[in-house]
Amino acid sequence: MNNEELIKKLIQKGILKTQLIIEAFKKIKRIDFVLDEFKNQAYEDHPLSIGFGQTISQPLTVAFMLELLNPKPGEKILEIGSGSGWLTALLAYCVSYPPKNKELKKFHPKVIAIERIPELKNFAQTNISKYNFILSGVVELILEDGSKGYLPEAPYDKIISSASASYIPVAWKNELKIGGKIVAPVLNSIEVYTKLNQDDFDIKIYKGFSFVPLVIENGSGSM
Ligand code: SAH
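Because the structure is predicted, anything quoted here is derived from the model rather than measured. (Residues numbered from 1 in each chain as written. Predicted model: local features only at pLDDT ≥ 70, side-chain atom pairs only at ≥ 80, totals over all residues. Heavy atoms only, no water.)

## Remarks on the packing of aromatic side chains
Working definition: an aromatic ring pair is given by the centre-to-centre distance plus the angle between the planes. Let me state the cut-off plainly: Classification of ring pairs rests on two measures: the distance between centres of Phe, Tyr or Trp rings, Trp counted by its six-membered ring, which must be within 6.5 Å, and the angle between planes, read as stacked under 30 degrees, edge-to-face over 60 and tilted in between. Whether a charge sits over a ring depends on NZ of Lys or CZ of Arg being within 6 Å of the ring centre and within 35 degrees of the ring normal.
One pass over the full model with this rule turns up eight aromatic pairs. The positively charged end of arginine 30 is found above the aromatic ring belonging to tryptophan 86, 5.2 Å away from the centroid.

This is the structure in structure tokens:
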């Protein structure tokens, strides 16, 4: 498959729906985020190794999670587990998409992408630099344990994780704006938390996915 065929398939399956997300898939090429030995499989709909026991996510899963998250121009998004940087760049494309003129003054799109493996943070940096998102300040890559959230840039409009835990870390809930959304794997499901007020969330669960684990080091907070 090539990128056009992959996108067509994801639209036909009813996964990709939103114009901005479809455009992001067209512009941000997965081939720029895979290892050399897998370039010939870049547009197959399955995960691929990026080393260190981690994978670049399956296109269908990324498309499904992005549609749930619905990133919009101007938003500030926290991404946990940036890996190859592919989802980071897709998010950056969506949030930095030029708004209508009248909104330009308060337009500060930002993706804070957290990764715990130094080599993968560097891999993402190299890959995302093929686009203009790092120099322009839209993407900031951070080497940290993302299960603790990232307080210096909080609160966030949206939070997305590519690594699965047995619960949503409390820091993510606290660092989310009211009205904001978390899309994250919990075990083999994708959960969507919408923050209704300081204490209450609407929760939706979509079953039947698989993810690499979110590494939670000691003392990272509880339910
Ligand atoms: N969307 C990425 C997915 C990478 S796999 C892509 O398509 O390339 C998930 C990533 O989460 C891995 O790189 C892993 O190292 C990272 N990860 C796991 N636990 C983490 C933690 N506590 N903090 C930050 N990153 C974490």
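## As for the nonpolar core
This is how it is decided: In this description, a nonpolar core means a group of buried Ala, Val, Leu, Ile, Met, Phe, Trp, Tyr and Cys residues linked to one another through side-chain atoms lying within 4.5 Å. Partly exposed describes any residue whose relative accessible area lies between the buried limit of under 20% and the exposed limit of over 50%, with all areas from a 1.4 Å probe on protein chains only and scaled to the type maximum. Here a strand is any run of E in DSSP of at least two residues, a helix any run of H or I of at least four, and the numbering for each starts at the N terminus. We call two residues in contact whenever any of their non-hydrogen atoms come within 4.5 Å of each other.
Ranked by size, the top nonpolar core spans 54 residues in total, and within it Phe25, Ile28 and Phe133 carry the most contacts. Considering each element in turn, this core owes the most residues, nine residues, to helix H4 (residues 86-95). Once residues within four sequence positions are removed from consideration, isoleucine 28 is found in contact with Phe33, Trp86, Ala89, Leu90, Tyr93, Tyr131 and Phe133. Counting residues in each nonpolar core, the second largest holds 20 residues, with Leu78, Tyr156, Ala163 and Ala171 among its members.

## Some words on the packing of helix H2 (residues 19-27) against H4
Quick note on the threshold: Every angle, taken between N-to-C directions, lies between 0 and 180 degrees, and every axis is a line fitted to C-alpha atoms, over only the stretch in contact when it is a helix. By definition in this entry, angles of less than 35 degrees are roughly parallel, angles greater than 145 are roughly antiparallel, angles of 65 to 115 are roughly perpendicular, and the rest are oblique. Put simply, a crossing is left-handed when the front helix is turned counterclockwise from the back one by less than a right angle, and right-handed when it is turned clockwise. Residues were grouped as follows: Ala, Val, Leu, Ile, Met, Phe, Trp, Tyr, Cys and Pro as nonpolar; Asp, Glu, Lys and Arg as charged; and all remaining residues, including Gly, as polar.
Interaxial distance between H2 and H4 falls to 9 Å at its minimum, and their mutual angle equals 130°. It follows from the interaxial angle that H2 and H4 lie oblique. As for the relative orientation of H2 and H4, their crossing is right-handed in sense. Touching Leu20, Ile21, Glu23, Ala24, Phe25 and Lys27 of H2 are Trp86, Leu90, Tyr93 and Cys94, all from H4. Looking at the contact of H2 with H4, its residues break down into eight nonpolar, no polar and two charged.

## Focus on the site of the ligand
Here is the rule we go by: Throughout, near means a residue has at least one heavy atom within 4 Å of the molecule or strand. Think of a polar contact as two N or O atoms within 3.5 Å of one another; within protein, one of them needs to be a possible hydrogen donor and the other a possible acceptor, and neighboring residues in sequence only count if both atoms come from side chains. Residue exposure ignores everything except the shown protein chains as possible cover, and the areas themselves are Shrake-Rupley values with a 1.4 Å probe.
Close to the ligand lie 24 residues, the nearest being Ser84, Glu115, Asp145, Gly146 and Val215. Residue serine 57 places a main-chain N or O atom 2.9 Å away from an oxygen atom belonging to the ligand. Within the side chain of glutamate 115, one N or O atom sits 2.6 Å away from an oxygen atom of the ligand. Burial of the ligand by the protein chains amounts to 100% of its free accessible area of 580 Å². The leading source of residues in the shell around the ligand is strand S2 (residues 54-56), at three residues.

## Points about the pattern of salt bridges
We count it as follows: Salt bridges are defined by distance alone: a side-chain nitrogen of Lys or Arg within 4 Å of a carboxyl oxygen of Asp or Glu.
Counted under the stated rule, the structure contains nine salt bridges. Across the pair lysine 76 and glutamate 153 runs a salt bridge whose closest N-O atoms are separated by 2.9 Å. With lysine 76 in strand S3 (residues 76-80) and glutamate 153 in the loop between strand S5 (139-143) and strand S6 (156-161), this pair connects stretches of sequence that are 77 residues apart. Close ionic contact of glutamate 217 with arginine 116 constitutes a salt bridge, the shortest N to O distance being 3.8 Å. Taken as a pair, glutamate 217 in the segment after strand S11 (212-213) and arginine 116 in the loop between strand S4 (110-115) and helix H5 (118-128) lie far apart in primary sequence, 101 residues in all. Classification of glutamate 217 by relative accessible area gives partly exposed; the value is 37%.

## Here we look at the sheet that holds strand S8 (residues 176-186)
The test is simple: Any two strands with at least two DSSP-identified bridges between them are counted as paired.
The seven strands are arranged S5-S4-S3-S6-S8-S9-S10 in an open sheet whose pairing can be described as mixed. Where the open sheet ends on each side, the last strands, each with one partner, are S5 and strand S10 (201-207). In this sheet, neighbouring strand axes are inclined to one another by 15° on average, regardless of whether the strands run parallel or antiparallel. Both S4 and S5 contribute to a ladder of five bridges, which runs parallel. Across the sheet, residue isoleucine 112 finds its bridge partner in S5, namely glutamate 140.

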